[in-house]
Amino acid sequence: DLSRAEALVMEARALSEPGVAAYHGLPLAEGMLRFIENDMTGAENLLREARMLCKSAGDHISEFQANEYLALAELECGRYEAARERAEVLAELGSKIREGSEGPFGQALVGLCALALDGDRQQLDTAVTALREADAKYRLAYVQNRAATLDLESGRLDSASARAEEALHCATLMERTSEMLIARGTLSAAADALGRSGEALAHQKEVAPLLAAAPAAWAVRRVQDQLPGLGEPLEES
């Protein structure tokens, strides 16, 4: 409920007292909202502020989250070298958080960057296994969706389909519209490239209701890139 989230942030801003040390949750929440809106510059400025404040407050979970979204912003912009540097920081922070999926997620993002830059799949696959064991469905959906996109771009169509299927399953369980949309786009594009037009059409038909559910702007952009004929349905052969 993004409109509700925006209203709560505005109310919190109005309640904050002038001259009192800033609460680190405010720039963190605002940065996350700007990220969802695909305003990466605005998001990065707010998240850097949040990271500094979280570190000063000793809030390691929120510090991880600020760094997490900074890494995701680099990934969404295709800046994999910068994303790898941020992911390595995440992996180090995650190792200090004993429970949860933070450590495996940081490692998975490092592996994702290795796949993009070097074609190396081993580190990513190891981290994905750890994410499954941690039952981190949303983070698993995110990683597998981005890896599926990279596989699709490199012509690894079967791998792209398998990763996107897992991402779709996890995202559906978590009701994460943006990740469901990206998975459907990848599955449709991969099926079309494999000559399975009926399967491609079936996935493309699921795209319209997901778009109507107001997913993140970057998710819409990704699917539009994958399916340039969006709005002009594939003909089933």
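For the structure, see preceding data.
Residues numbered from 1 in each chain as written. Predicted model: local features only at pLDDT ≥ 70, side-chain atom pairs only at ≥ 80, totals over all residues. Heavy atoms only, no water.

Participant: How would you summarise the overall build of the protein chain if you had to cite specific residues and measurements?
Facilitator: The helix and strand inventory of the protein chain stands at 13 helices and 0 strands. The order of helices and strands in the protein chain, counted from the N terminus, is α-α-α-α-α-α-α-α-α-α-α-α-α. Its C-alpha radius of gyration of 18 Å places the protein chain within 12% of the 18 Å reference for a compact globule of 237 residues. Each of the three principal axes of the protein chain carries a C-alpha extent, and together these read 65 × 40 × 30 Å. (Helix = DSSP H or I, 4+ residues; strand = E, 2+ residues; numbered from the N terminus. Rg over C-alpha atoms; globule rule 2.2 N^0.38 Å.)

Participant: Could you give an account of the environment of Glu199, with specific residues and numbers?
Facilitator: Within the secondary structure, Glu199 sits in helix α11 (residues 197-205). Given a relative accessible area of 30%, Glu199 falls into the partly exposed group. As for Glu199 and Ala189, which are separated by 10 residues in sequence, their C-alpha atoms are 9.8 Å apart. Among the polar contacts made by the side chain of Glu199, one reaches the side chain of Arg196 at a distance of 2.9 Å. (Buried < 20%, exposed > 50% of the residue type's maximum accessible area, 1.4 Å probe, protein only. Polar contact = N/O pair within 3.5 Å; in protein donor to acceptor, adjacent residues only side chain to side chain.)

Participant: Lay out helix α2 (residues 25-36) with the relevant residues and their values.
Facilitator: Since the α-helix packs 3.6 residues into each turn, any two residues three or four apart lie on the same face. With 12 residues, α2 extends 17 Å between its outermost C-alpha atoms, agreeing within 8% with the 16 Å of an ideal straight helix rising 1.5 Å per residue. For α2, every residue scored as buried is listed here: Gly25, Leu26, Pro27, Leu28, Glu30, Gly31, Leu33, Arg34 and Phe35. Considering only its buried residues, α2 is in contact with α1 (2-15), α3 (40-57), α4 (60-76) and α13 (217-226). Positive backbone phi, at 70°, marks Asn38, one or two positions downstream of α2. (Expected span 1.5 Å × (residues − 1). Contact = heavy atoms within 4.5 Å.)

Participant: Give a description of the packing of α4 against helix α6 (residues 102-118) that names residues and reports values.
Facilitator: Axis separation between α4 and α6 bottoms out at 12 Å; the angle between their running directions is 20°. As the angle between them shows, α4 and α6 are arranged roughly parallel. Considering only the axes of α4 and α6, their crossing is left-handed. Residues Ile61, Phe64, Glu68, Ala71, Leu72 and Leu75 of α4 touch α6, and the partners they reach there are Glu102, Phe105, Leu109, Leu112 and Cys113. Taken together, the residues of the contact of α4 with α6 break down into 9 nonpolar, no polar and 2 charged. (Axes fitted to C-alpha atoms, helices over the stretch in contact; angles between N-to-C directions. Parallel < 35°, antiparallel > 145°, perpendicular 65-115°, else oblique. Left-handed = near helix turned anticlockwise from the far one by under 90°. Nonpolar A, V, L, I, M, F, W, Y, C, P; charged D, E, K, R; others polar.)

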